[in-house]
Amino acid sequence: SQTIHQWPATLVQPVGSPLSLECTVEGTSNPNLYWYRQAAGRGLQLLFYSVGIGQISSEVPQNLSASRPQDRQFILSSKKLLLSDSGFYLCAWQISSTGELFFGEGSRLTVL
Amino acid sequence: SQQGEEDPQALSIQEGENATMNCSYKTSINNLQWYRQNSGRGLVHLILIRSNEREKHSGRLRVTLDTSKKSSSLLITASRAADTASYFCATDSPYSGGGADGLTFGKGTHLIIQP
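The shown structure was predicted, so the numbers you read here are calculated from the model rather than taken from an experiment. (Residues numbered from 1 in each chain as written. Chains lettered and ligands numbered in written order. Predicted model: local features only at pLDDT ≥ 70, side-chain atom pairs only at ≥ 80, totals over all residues. Heavy atoms only, no water.)

Caption draft 1: Seen up close, the pairing of strand β11 (residues 107-111) of chain A. All names here are of chain A. The side-chain alternation of β11 yields one buried face, formed by Ser 107, Leu 109 and Val 111, and one unburied face, formed by Arg 108 and Thr 110. Note that strand β9 (residues 87-94) and β11 share three bridges and pair antiparallel. In the strand pairing of β11, Phe 88 is matched with Arg 108. (Buried < 20%, exposed > 50% of the residue type's maximum accessible area, 1.4 Å probe, protein only. Helix = DSSP H or I, 4+ residues; strand = E, 2+ residues; numbered from the N terminus. Pairing = 2+ DSSP bridges.)

In structure tokens, the structure reads:
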């Protein structure tokens, strides 16, 4: 069966520090992968999606970036965090036939 | 911008009662999905209804879709304390080239079931 792992689960970082959140999927090949951000009390905002290795599409301009170095690995990065980067980051993969998303458990980032 | 908007934003009911949440969206869709999120956790897919379907059931869940009004409802019957969570509707778009660019989520309805 397919599983999706995200880490770290919780992160507290100072403004201006770098960021790396990692997501890996098991049990499926060539998945569509997504990074969403959820601010407190808000819905989900799509940040990046990837349909294959090295293929990244960005939905919003920001100081975040994403990379897909391997088929089942999706990384969210920043060189210098801003206070506004605080939030709950969710990685997901998609069943191509139906469009259903399967989410990881999330990474809560607090920028101080 | 948000495609789906859930209503109400928050709902508190007694255990055993039915809970109804609504979702409105703006553009044409291929399908509409409902997800559940427990506090501090990832989202879990509940049910998908296609644009050519009007009603769908799954256990205690009943989803309706009215494409003429661009709205959907999620009914949870005989609610339990464990149903306490946030519920989100999500839509894709027929213009999204196969849906690879993900789903658009509403802000969610926070449901509290009082024991």
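Caption draft 2: Up close: the layout of surface pockets. One number sums up the size of the second largest pocket: a volume of about 500 Å³. Around the second largest pocket, the lining is made up of 22 residues, and of these A:Gln38, A:Gly41, A:Arg42, B:Gln37 and B:Ser86 lie nearest the centre. The element contributing the most residues to the lining of the second largest pocket is strand β9 (residues 85-91) of chain B, with three residues. Split into classes, the residues belonging to the lining of the second largest pocket amount to five nonpolar, twelve polar and five charged. (1 Å grid on protein atoms, 1.4 Å probe; cavity = no way out; pocket = protein on both sides within 12 Å on 5 of 7 lines; lining within 4 Å. Points joined across faces, edges and corners; volume = space filled by probe spheres on them. Nonpolar A, V, L, I, M, F, W, Y, C, P; charged D, E, K, R; others polar.)

Caption draft 3: Up close: the sheet that holds strand β6 (residues 55-58) of chain B. All names here are of chain B. If you walk across this open sheet you meet the five strands as β1-β3-β8-β7-β6, and the pairing is antiparallel. Single-partner strands in this sheet number two, and they are β1 (5-7) and β6. For this sheet, the mean inter-axis angle between neighbouring strands, taken without regard to orientation, is 20 degrees. (Axes fitted to C-alpha atoms, helices over the stretch in contact; angles between N-to-C directions.)

Caption draft 4: Seen up close, the pattern of salt bridges. All names here are of chain B. According to the stated counting rule, one finds six salt bridges over all chains in the structure shown. In this structure, Arg 60 and Asp 83 form a salt bridge, with 2.9 Å as the shortest nitrogen-oxygen distance. Here Asp 83 lies in the loop between β8 (71-76) and β9 and Arg 60 lies in the loop between β6 and β7 (61-66), a separation of 23 residues in the sequence. Judged by its relative accessible area of 6%, Asp 83 falls in the buried class. Salt bridges sharing partners connect three or more residues here, namely Arg 36, Arg 60 and Asp 83. (Salt bridge = Lys/Arg side-chain N within 4 Å of Asp/Glu carboxyl O.)

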